[in-house]
Amino acid sequence: MVVAVDAMGGDNAPEVEVEGAVAAARRWDVPIVLVGDQGRLEAILARYDTAGLDVTVRHASEVVGMHDSPSDAVRKKKGSSIRVAFEMLQRGEVQAVVSAGNSGATMAVGMFVLKRIPGIDRPAIATILPNKKSQTVVLDSGANVDCKPFHLAQFATMGAVYAKFMFGKERPRVGVLSNGEEECKGNELSRGAHGLLKQSRLNYIGFVEGRDIYSGDVDVVVCDGFVGNVVLKVSEGLSEAVSDMLRQEIGRRFFAKLGYLLARPAFRAFRKKVDYAEYGGAPLLGIQGTGMICHGGSNARAIMNAIHMARESVSQRINERLVAQLGTEVCDGDAGAAGKGSC
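Throughout what follows, the structure given in this document is the object of discussion. What you see is a predicted model, and the numbers here were worked out from it, not measured in a lab.

For the protein chain, the helix and strand inventory stands at 11 helices and 12 strands. The burial tally for the protein chain puts 51% of its 343 residues in the buried class. In the protein chain, of all internal contacts separated by at least 6 residues, the share reaching a separation of at least 24 is 70%.

Below, the discussion takes up the sheet that holds strand β7 (residues 135-139). Here five strands make up an open sheet; going across it, the order is β6-β7-β10-β8-β9 and the pairing mixed. The two strands at the open ends of the sheet, each matched to only one other strand, are β6 (127-130) and β9 (203-208). With strand direction ignored, the average angle separating the axes of adjacent strands in the sheet is 30°. One ladder, built from five bridges, connects strand β8 (residues 173-177) with β9; its direction is parallel. Among the inter-strand pairings, valine 174 is bridged to a residue of β9, identified as tyrosine 204. With respect to the sheet, helix α7 (residues 188-198) is in contact with β8, β9 and β10 (220-222), its orientation differing from that of β9 by roughly 160°. Helix-sheet contacts for helix α8 (residues 225-252) involve β6 and β8, and the interaxial angle to β6 is about 40°.

Let's shift gears to a nonpolar patch on the surface. A grouping of Val145, Phe226, Val227, Val230 and Val234 is seen on the molecular surface, where their side chains present a nonpolar patch of about 430 Å² in accessible area. Take valine 227: it is sitting in helix α8. Relative accessible area serves as the criterion here: at 33%, valine 227 is assigned to the partly exposed category.

By rolling a water-sized probe across the atoms, one finds the places where empty space is left. Under the defined criterion, the tally for this structure stands at two cavities of 30 Å³ or more. Around the largest cavity sit Tyr162, Pro283, Leu284, Leu285, Gly289, Thr290, Gly291, Ser313, Ile318 and Asn319, which together line it. Those elements that provide at least two residues to the lining of the largest cavity are β11 (281-285), β12 (290-294) and α11 (318-326). The element that contributes the greatest number of residues to the lining of the largest cavity is β11, accounting for three residues. Broken down by class, the residue content of the lining of the largest cavity amounts to five nonpolar, five polar and no charged. The computed volume of the second largest cavity comes to approximately 40 Å³.

On to the sheet that holds strand β3 (residues 55-59). The seven strands lie next to each other as β3-β2-β1-β4-β12-β11-β5, forming an open sheet whose pairing is mixed. The sheet terminates laterally at β3 and β5 (124-125), the two strands that pair on one side only. Two elements, strand β1 (residues 3-6) and strand β2 (residues 32-36), share four bridges in a ladder whose sense is parallel. In the strand pairing of β2, alanine 4 is matched with valine 33. Running at roughly 160° to β3, helix α2 (residues 38-45) makes contact with β2 and β3 of the sheet. The strands touched by helix α6 (residues 149-167) are β5 and β11; relative to β11, the strand with the most contacts, the crossing angle is about 125°.

For the rest of this paragraph, the subject is the packing of α6 against helix α10 (residues 300-315). Each pair of packed helices can be summarised by the angle the axes make with each other and by the distance between the axes. Two elements in contact, α6 and α10, have axes whose closest approach is 10 Å; the angle formed by their N-to-C orientations is 100°. As the angle between them shows, α6 and α10 are arranged roughly perpendicular. Residues Tyr162, Met166 and Phe167 of α6 form the contact with α10, whose own contacting residues are Met309, Glu312 and Ser313. Of the residues contributing to the contact of α6 with α10, the split by class is four nonpolar, one polar and one charged.

Grouped together as the largest cluster of nonpolar side chains are 65 residues, with contacts concentrated most on Leu34, Val98, Val137, Leu139, Tyr162 and Ile307. Ignoring any residue separated from it by four or fewer positions in sequence, one finds leucine 34 in contact with Val5, Ala7, Glu17, Val18, Ala21, Leu41, Leu45, Val55, Thr56, Val57 and Arg58. Within the second largest apolar cluster, 26 residues are counted, among which are Phe86, Met88, Ala105 and Val109.

Definitions and cut-offs
Residues numbered from 1 in each chain as written. Predicted model: local features only at pLDDT ≥ 70, side-chain atom pairs only at ≥ 80, totals over all residues. Heavy atoms only, no water. Helix = DSSP H or I, 4+ residues; strand = E, 2+ residues; numbered from the N terminus. Buried < 20%, exposed > 50% of the residue type's maximum accessible area, 1.4 Å probe, protein only. Contact = heavy atoms within 4.5 Å. Pairing = 2+ DSSP bridges. Axes fitted to C-alpha atoms, helices over the stretch in contact; angles between N-to-C directions. Patch = residues over 30% accessible without salt bridge, like charges linked within 9 Å, V, L, I, M, F, W, Y side chains within 5 Å. Areas by Shrake-Rupley, 256 points an atom, 1.4 Å probe, with all protein chains shown as cover. Salt bridge = Lys/Arg side-chain N within 4 Å of Asp/Glu carboxyl O. 1 Å grid on protein atoms, 1.4 Å probe; cavity = no way out; pocket = protein on both sides within 12 Å on 5 of 7 lines; lining within 4 Å. Points joined across faces, edges and corners; volume = space filled by probe spheres on them. Nonpolar A, V, L, I, M, F, W, Y, C, P; charged D, E, K, R; others polar. Parallel < 35°, antiparallel > 145°, perpendicular 65-115°, else oblique. Core = buried A, V, L, I, M, F, W, Y, C linked by side-chain atoms within 4.5 Å.

Honestly, it's all geometry; don't read function into it.
Structural data, given as structure tokens:
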């Protein structure tokens with residue numbers, strides 16, 4: 001399989017994309033196409049020893065910036081690196097796309113070029129967060145700010161398939177994020193999704209709270225993109241703050257420094273577990289192809305791991321399994337009275 005990397009997207013492009021692509025090609029022997037300004041990319045690529053590696057460049061004349069609107073990315077920048085990458089996927093020249101660029105634009109272009117999976121009204125960004133036991137899949141984490149209950153039910157189906165085949169969770173436990181576990185809690189959206197999921201064939205465990213994301217007692221947490229993005233950004237900020245505060249406290253005390261030397265392996269393991277770069281990217285679920293959206297500030301290791309996650313998603317046939325699941329677990333916005341959906 002071949003992975004296309006939008007080499008012009010992200011805060012540190014294209015240097016980190018090239019470095020990450022070379023590292024991924026060397027580590028997993030995966031063919032990679034860097035999409036973007038050909039002259040610039042080839043100049044950066046020449047700095048690396050690529051002997052025996054299948055890393056090539058495809059020219060794209062435009063770049064979608066972080067401040068470009070999704071509609072502009074679709075209508076006005078037809079030669080952009082993200083558009084070229086998705087069109088390569090649509091034609092079968094590559095099997096996955098990785099981008100650290102504008103996430104809204106990436107989703108819009110991906111949906112425009114590849115179209116949605118039948119039975120899915122809105123694609124969702126699925127973020128992988130560490131918990132005390134393994135991982136929690138949270139979706140949507142930013143693609144859809146305004147949702148209806150059947151959208152959350154569809155997110156639950158997609159998240160359950162991803163958790164099962166990517167992380168080996170045979171019967172993923174699914175919860176709706178709310179402000180309490182009691183059925184009387186929540187808002188109209190969460191209570192509506194709760195009612196739909198109680199009737200589904202998913203392993204639905206009910207409402208969960210924010211702290212449950214990290215407990216290891218739920219595998220898939222669904223919410224609208226507004227709430228999900230807040231959860232993601234708070235998680236990133238808390239991880240960085242805890243690391244900085246620990247570093248400051250250790251630096252102030254002699255015995256703390258001594259203790260740190262003894263506990264260094266544990267600190268390294270903790271830092272690795274909470275580092276977003278370990279997963280690299282968040283899968284864009286619901287489009288007819290494999291897309292991986294990375295953090296805008298991704299480093300080379302994050303790009304490398306995102307390529308690996310994209311490769312694994314293809315090898316695990318996530319989209320094919322999702323289509324098969326939707327055949328038995330229907331959560332279609334066109335179904336039901338007045339388009340309210342059913343499961």
